[in-house]
Amino acid sequence: MDARTLIERKRDGGRITPSEWRALMRAYAAGEVPDYQMAALAMAIYFVGLDRDEIVALTDAMLTSGATLDLDHLRVGRVDKHSTGGVGDKVSLVLAPLVAACGVAVPMMSGRGLGHTGGTLDKLESVPGFRTDLSLAAATKQIEAIGCALIGQTREIAPADRKLYALRDATATVESIPLISASIMSKKLAEGLTGLVLDVKHGSGAFLPEVERGLELARTMIALGADHGCPVIALLTAMDRPLGRACGNAIEVEESIMALRGEGPSDLMTVTYALGAEMLVLGGAARTRDEARRRMEVAISSGRAAERFQQIIEAQGGNPAVVDDPSLLPQAAECELYLAPRGGVVAQVEPKTIGRGITALGGGRTRVEDIVDPSVGFVVSARPGDVVRAGEPLATIFARDPAGIASGRETLARAIRVADDADPPLPLISYRVTEAGEERWVDE
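All values reported here derive from a predicted model rather than from experimental measurement. (Residues numbered from 1 in each chain as written. Predicted model: local features only at pLDDT ≥ 70, side-chain atom pairs only at ≥ 80, totals over all residues. Heavy atoms only, no water.)

> I keep staring at the sheet that holds strand E11 (residues 393-399) and nothing clicks. Help me out?
Sheets are built from strands paired through backbone hydrogen bonds, the pairs being either parallel or antiparallel. Sheet architecture is open: 4 strands sit in the order E6-E9-E11-E7, paired in antiparallel fashion. This sheet does not close on itself; its edge strands, each paired only once, are strand E6 (246-247) and strand E7 (334-339). In the packing of helix H15 (residues 351-361) onto the sheet, contacts are made with E6, strand E9 (377-380) and E11, and the angle to E9 comes to roughly 145°. (Pairing = 2+ DSSP bridges. Helix = DSSP H or I, 4+ residues; strand = E, 2+ residues; numbered from the N terminus. Contact = heavy atoms within 4.5 Å. Axes fitted to C-alpha atoms, helices over the stretch in contact; angles between N-to-C directions.)

> I tried to follow the packing of aromatic side chains on my own but got confused; where do I start?
The geometry of an aromatic ring pair comes down to the distance between the two centres and the angle between the two planes. Enumeration over the complete set of coordinates arrives at 1 aromatic pair. Just above the ring of tyrosine 28 sits the side chain of lysine 163; from NZ or CZ to the centre is 4.4 Å. (Phe/Tyr/Trp six-rings, centres within 6.5 Å; stacked < 30°, edge-to-face > 60°. Lys NZ or Arg CZ within 6 Å of the ring centre and 35° of its normal.)

> When you look at the state of the cysteines in this model, what are you seeing that I'm missing?
Any covalent bond linking the sulfur atoms of two cysteines counts as a disulfide. Using the criterion set out here, one finds 0 disulfides in the structure. Summary of cysteine pairing: cysteine 230 is not part of a disulfide, and the nearest cysteine sulfur, belonging to cysteine 148, is at 17 Å. Cysteine cysteine 335 shares no disulfide, and the gap to the nearest cysteine sulfur, in cysteine 247, comes to 16 Å. (Disulfide = S-S within 2.5 Å.)

> I'm lost on the sheet that holds strand E4 (residues 195-202) in this one. Help?
With mixed pairing, 5 strands are arranged side by side in an open sheet as E1-E4-E5-E13-E14. Both outer strands of the open sheet, strand E1 (79-83) and strand E14 (437-440), are each paired with one neighbouring strand and no more. For this sheet, the mean inter-axis angle between neighbouring strands, taken without regard to orientation, is 20°. Where E1 and E4 come together, 5 bridges link them in parallel fashion. Residue pairing for E4: valine 79 is matched across the bridge by glycine 195. With respect to the sheet, helix H9 (residues 177-189) is in contact with E1, E4 and strand E5 (232-238), its orientation differing from that of E1 by roughly 160°.

> Help me out: how do you make sense of a nonpolar patch on the surface in this one?
A surface patch of nonpolar side chains, about 370 Å² in accessible area, is lined by Met43, Tyr46, Phe47 and Val48. Counting through the fold element by element, phenylalanine 47 comes out in helix H3 (residues 35-48). (Patch = residues over 30% accessible without salt bridge, like charges linked within 9 Å, V, L, I, M, F, W, Y side chains within 5 Å. Areas by Shrake-Rupley, 256 points an atom, 1.4 Å probe, with all protein chains shown as cover. Salt bridge = Lys/Arg side-chain N within 4 Å of Asp/Glu carboxyl O.)

This is how it looks when you write it as structure tokens:
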């Protein structure tokens with residue numbers, strides 16, 4: 001494998017053939033192509049792009065570099081959900097047990113924090129003892145037993161993507177539609193799904209801030225799903241402010257538990273119910289989105305959704321008592337309120353700044369090998385448009401030491417802007433995209 005030739009060709013605007021993609025991904029997964037050459041290729045792709053056939057070829061090359069889940073014997077639909085990443089986005093933690101409690105199997109494979117965004121695996125691993133490194137055989141048994149497994153990308157599934165995913169984060173090549181699409185779809189297609197729902201973020205805190213780029217990404221992944229017989233539906237949701245209030249691994253798990261008890265923030269529940277309704281209809285557990293919404297509300301009010309989360313935690317080695325007592329989650333050594341510097345209207349709560357601030361506190365990674373502190377982060381009670389008084393609490397900082405508190409204050413001073421007036425935030429959900437096309441979202 002002469003990776004240098006492919007790097008040169010892509011750098012100069014040329015194409016890489018399907019057979020070359022397969023050979024390259026096999027060699028990379030086997031350790032025969034070094035990370036520095038793949039980093040160079042990723043940067044070339046970031047600037048030059050890939051055409052439609054190349055994206056398909058790269059997706060297939062990563063998919064076939066490893067094994068797949070075989071769930072065809074299940075008598076229920078198998079549907080997963082994927083978010084393109086945001087700050088405070090703990091929807092997966094709520095959605096997976098909720099949808100499983102409503103009768104659809106959820107083989108959910110998630111990732112770690114990427115760039116300024118949090119990762120579902122890091123959040124789950126803040127639960128004492130929780131294991132995300134299940135083998136395919138173990139994940140299959142768990143899905144058969146309780147309808148859901150929350151796992152990381154194993155060495156068995158798309159190993160080439162597993163290596164490239166971490167490399168993209170460390171080399172500032174995350175925001176590439178071809179690389180995002182191929183990475184997500186190679187993993188999701190390996191799950192043996194009968195449907196997939198995408199939460200495509202846009203706004204200042206998204207990897208792709210512009211609506212048009214979000215729609216382009218949605219169309220690309222929907223087409224990849226159609227090519228492989230997996231129907232895909234995407235919702236474009238807002239990431240110009242954090243989703244919910246908790247931002248940070250353990251405190252997001254706590255907010256997720258509250259949501260499963262019926263006490264979640266309204267914006268979090270709106271997005272969760274909208275995505276869950278699509279999953280239940282795709283999975284054949286409901287005929288309409290309205291019916292699906294009612295089923296989810298009953299699953300939460302009856303306690304079945306929270307109970308299913310307990311079952312998942314216990315099955316994966318975690319302490320299920322955290323659902324009844326979230327204080328068993330890791331606790332920060334220091335906490336302090338952040339107060340409004342002046343009276344006025346909250347004009348901005350900038351998610352990217354908050355996400356980077358969590359990393360500065362130790363709650364994210366700047367290098368692949370960094371160890372994450374699950375206890376740190378922010379709870380941001382201020383929402384865009386809120387009228388506040390000087391000295392009123394806007395957020396709480398959770399840190400491991402006084403230096404972290406000082407760093408958190410600096411972060412929030414940059415992230416939260418109070419002014420005399422404010423523009424309205426983005427609609428929480430703006431578009432629904434299917435293979436048939438896209439439509440403006442209408443609140444239901």
